[in-house]
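# A closer look at the structure
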Amino acid sequence: MANNIGAFFKSEPDRELAVKGVEQHIRNFWEPRMRKAIVEYVQQGGTELMDIVSEAVLHIAK
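Cut-offs applied
Residues numbered from 1 in each chain as written. Predicted model: local features only at pLDDT ≥ 70, side-chain atom pairs only at ≥ 80, totals over all residues. Heavy atoms only, no water. Salt bridge = Lys/Arg side-chain N within 4 Å of Asp/Glu carboxyl O. Helix = DSSP H or I, 4+ residues; strand = E, 2+ residues; numbered from the N terminus. Buried < 20%, exposed > 50% of the residue type's maximum accessible area, 1.4 Å probe, protein only.

### As for the pattern of salt bridges
In total, this model carries 5 salt bridges according to the counting rule given. A salt bridge links glutamate 16 to lysine 20; its shortest N-O distance comes to 3.2 Å. Here glutamate 16 and its partner lysine 20 are both found in helix α2 (residues 15-29), 4 residues apart, which amounts to about one turn of the helix. A relative accessible area of 52% places glutamate 16 in the exposed class. Here arginine 33 makes a salt bridge to glutamate 31, at a shortest N to O gap of 2.9 Å. Residue class for glutamate 31 comes out partly exposed when judged on its relative accessible area of 34%.

Shown next as structure tokens:
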């Protein structure tokens, strides 16, 4: 699901805006348990996410 969101924002030419778009979508529409799970996945070295998704998740983790 996260990569689908990333695919949508990937067309944004400004990478920073794309990452912020993914981050905001996850913050707005994912329940806390889902956000916690994806943060843990990235922190444990998960590799199945697009770069902009992983970066957005790291912002959420802060």
